[in-house]
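Architecture and fold: a report
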Amino acid sequence: MASAVKTLGLSPPPSYFGLSLEKRVHSRYQIRCSGSRDSSSTAALSSDSVTVNGAVNGVKEERKRAVLDSGNGHLSSGVERQEVDFEQEKLGPLWDDGYGSETVKDYLDYAKDIIKPDGGPPRWFTPISCGPHLRDSPVLLFLPGMDGLGLGLILHHKSLGKVFDVRCMHIPVQDRTPFEELVEWVEETVRAEHSSSPNKPIYLVGDSFGGCLALAVAARNPKIDLVVILANPATSFGRSQLQPFFPLLEAMPDELHTTVPYLLSFVMGDPMKMATVDINRMLPPSQYFEQLAANLTSLLPRLSGLADIIPKETLLWKLKLLKTAAAYAKSRLHAVKAEVLILASGKDNMLPSRDEARMLRRRLQNCKVRYFKDNGHTILLEDSVNLLTIIKGTNTYRRTRNHDYVMDFVPLSMSEFEQAVERNGLIPSITQHRWFRNYAGPAMFSTTEDGKIVRGLSGVPDEGPVLLVGYHMLMGLELSPLVEEFLRVKNVMVRGIAHPTLFSHLVERENEEFSLPDYLRVYGAVPVSASNLFKLLKTKSHVLLYPGGAREALHRKGEEYKLFWPDQPEFVRMAARFGATIVPFGVIGEDDLVELILDYDDLMKIPVWGDRIRSDNKKYEAFNVRAGMSGEVANQALYLPGLLPKIPGRLYYLFGKPIQTKGLEEMLKDREAARKVYLQIKSGVETNMSYLLQKRKEDPYRGVLDRTVYRAFHAPMDQVPTFEP
């Protein structure tokens, strides 16, 4: 392998680009291999092989489909594409995305090997850590920053490699290719991929300098479906905080240049955030700081290698290249039609990235911004920034021209779950604090097939399709513990059907890392619609449905535990079509957690506030899913109620006896039969809540103080006793 790769001008370390024999995937699929500026080719390969710079390296020589040109070592362009079998994979909930398994230390170690001069031109490579991707995964081209190595996604290779066909651009240290030629070379790859798969998007991830390159390619190809992701793009290079120091670099003696990379490393990134990537935040403080000290101790000596990555002549060339790239990209912003996502850092000491993101947001036609106030310039190498999570949360991941909430959904990974649950909570509202689970102390019960009530979720079927139908508590206080418990106990993603306003630009907040719609998307929520419910049931999902919707979640004073359901059985016949199991559930405890002091009626009496609510709801009219209905359920006014926290009691859930619809296909035509089942479900929800309201009086650990004392001496939170069912 090393010889084949070296022939093409890249000498990677065996552990990074080489093949791990213990992790071979015994399936075959098609890979498009793009070489250097002087060559490109296509080959059908075994997934036992890896592509680097267009070179093919497999375990079994007879499986190679690429033909090497003996004259220059490049792949022959005459190889025809061949259709091969592919073993379909499916990611399950809490899959291992590998985030944190590779860090900046690995970046610096790998850099020592691939910076060796070879005289070759820029080229693409696929890191072996990306692994085989899922069927129909779109291509992702990574365009690097000033270093040119192509290793800037090293923290994200394993996660991105599951759902993208990742190719990384490598620009050799001694290469002096002008910017326009780099644009043309990337453009050739983009056009070739588009010609091969015209209905799939092509992702361009541009880091700093690579952001200019991505925008330039997008401006020249407005008719190609591109998704452009920019991490602190260098379009603002002319306003860099370091501009006054750049002339001094030319006059600096060569002996002093070795200090420049050290200075740049602290200007471009936050060493603390780089060092904490692979540290478990839940460790005791003594262990946490011990590991942090060890990481910093091992990281800092490696920074000396930056002088070899960016020697003086290369640094001066890159600064000139940056100046050209920024001017080229900014002059063509008007021509960019692509979908653009910008990640802007608040502590970027090299570029005014936040201001630049705002400017680009105004000038680009289809642009979103996410702001990371505590990160530096090298945001993709720092802790707490999982690129795949951001792509999922911003609705940017898709396999076709249009995003599909069901078919394009990527399940929650283990690192995402740990970060959200242990540190932020699932939903960014009152539940966002990690102490909410302690605060609410949820106790869950379910009903088995024989009608017995048991603690836990054993009565809820493991296999879908399952439709969980229940009461929507004030402000959705019940959501976070419910979703978390199904993940913890049953390893099941509960896909919530949510109000479409929650996914609109009206509630997005771009001055945050993650807004409410982002969290909802990551956790699998979909806008309410018949087509989305159809797809979820068809894919055998566990679906969470609240017939009372916003009217229940934003109820008035004295209306707690009252159902506001429509008269028509909206979901029963759909469930019967797929033989779904319907589980009615009740939940209580909002009156033990908060007191509603200002409801809709109160707020509407406040002159200024009432006018604002009226104005806001006019904007939301397009999202009213109950338009045309009568009764209280049609009152879908959205507002933020005034809540006063209480000394907390406890949340209680009861999932009723499962209702089987398999074999009840007659409900598809018989509306009366469907209505009877609908009333049975509604009655079940009300009965469950009545049962819980009575039984919670018997719970000796209903109060937070009693639960806290018990946990301190006896058991973790999940094992705190409650009433006997």
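Residues numbered from 1 in each chain as written. Predicted model: local features only at pLDDT ≥ 70, side-chain atom pairs only at ≥ 80, totals over all residues. Heavy atoms only, no water.

1. Comments concerning the overall build of the chain
So the rule is basically this: Numbering of helices and strands runs from the N terminus; a helix is a DSSP stretch of H or I covering at least four residues, while a strand is a stretch of E covering at least two. Each residue gets one of three labels from its accessible area relative to the maximum for its type: buried under 20%, exposed over 50%, partly exposed in between, using a 1.4 Å probe on protein chains only. Reported accessibility uses the Shrake-Rupley method at a 1.4 Å probe radius. Residues are deemed covered only where the shown protein chains occlude them.
Regarding its fold elements, the chain presents 26 helices and 22 strands. Put simply, the chain has 725 residues, and 58% of those count as buried. Put simply, the chain shows about 30600 Å² of open surface, and 52% of that area lies on carbon and sulfur atoms.

2. Structural notes on the pattern of salt bridges
Rules: For salt bridges, the criterion is a side-chain nitrogen of Lys or Arg within 4 Å of an Asp or Glu carboxyl oxygen.
Following the criterion strictly, the structure yields 31 salt bridges and no others. One salt bridge connects Arg-239 with Glu-356, and the closest N-O pair in it is separated by 2.3 Å. Of the two residues, Arg-239 is situated in the loop between strand S9 (226-231) and helix H7 (246-251) and Glu-356 in helix H13 (residues 353-363); the sequence distance between them amounts to 117 residues. Classification of Glu-356 as buried rests on a relative accessible area of 1%. A salt bridge links Arg-370 to Asp-518; the nearest nitrogen and oxygen atoms lie 2.8 Å apart.

3. Re the pairing of strand S10 (residues 339-345)
Note on strand geometry: in a regular strand, side chains alternate between the two faces of the sheet. Where we set the bar: Strands qualify as paired when DSSP identifies two bridges or more between them.
Burial of S10 is extensive: 7 of the 7 residues sit out of reach of the surface. Here S10 shows no split at all, with Glu-339, Leu-341, Leu-343 and Ser-345 on one side and Val-340, Ile-342 and Ala-344 on the other all buried. With 5 bridges connecting them, S9 and S10 associate as parallel partners. Bridging from a neighbouring strand, Leu-230 pairs with Ile-342 of S10. Two elements, S10 and strand S11 (residues 367-372), share 6 bridges in a ladder whose sense is parallel. Following the sheet pairing, Val-340 is matched in S11 by Cys-367.

4. Some thoughts on the packing of aromatic side chains
What counts here: Two aromatic rings from Phe, Tyr or Trp, using only the six-membered ring of Trp, form a pair when their centres are within 6.5 Å; if the ring planes differ by under 30 degrees the pair is stacked, by over 60 it is edge-to-face, and anything between is tilted. A ring is considered to have a charge above it if a Lys NZ or an Arg CZ atom is located within 6 Å of its centre and within 35 degrees of its normal.
All told, the structure shown has 19 aromatic pairs when counted by the stated rule. Taking 5.9 Å as the distance between ring centres and 70° as the angle between the ring planes, the aromatic pair formed by Phe-179 and Phe-209 counts as edge-to-face. With Phe-179 in helix H5 (residues 179-196) and Phe-209 in helix H6 (residues 209-220), the pair connects residues that are 30 residues apart, well separated along the chain. The exposure class of Phe-209 is buried, given its relative accessible area of 4%. One aromatic cluster is present, built from ring pairs that chain together Phe-445, Tyr-652, Tyr-691 and Phe-723. If you follow Arg-332 out to its NZ or CZ, it ends over the ring of Tyr-328, 3.6 Å from the centre. The ring of Phe-564 carries Arg-551 above its face, with NZ or CZ at 4.1 Å from the centroid.

5. Structural notes on a nonpolar patch on the surface
Note the threshold: Patch members must show over 30% relative accessible area and no salt bridge, and they are joined within 9 Å when carrying like charges or within 5 Å when they are nonpolar side chains of Val, Leu, Ile, Met, Phe, Trp or Tyr.
On the surface, Ile-597, Leu-598 and Leu-644 cluster together to form a nonpolar patch covering roughly 220 Å² of accessible area. By secondary structure assignment, the location of Leu-598 is in strand S19 (residues 594-598).

6. Comments concerning helix H12 (residues 312-330)
How we decide: Each residue after the first adds 1.5 Å to the expected span of a helix.
Compared with the 27 Å implied by 1.5 Å per residue over 19 residues, the 27 Å span of H12 between its first and last C-alpha is a close match. The complete set of buried residues in H12 reads Lys-312, Thr-314, Leu-315, Lys-318, Leu-319, Leu-321, Leu-322, Ala-325, Ala-326, Tyr-328 and Ala-329.

Function cannot be read off these values alone, since they describe shape.
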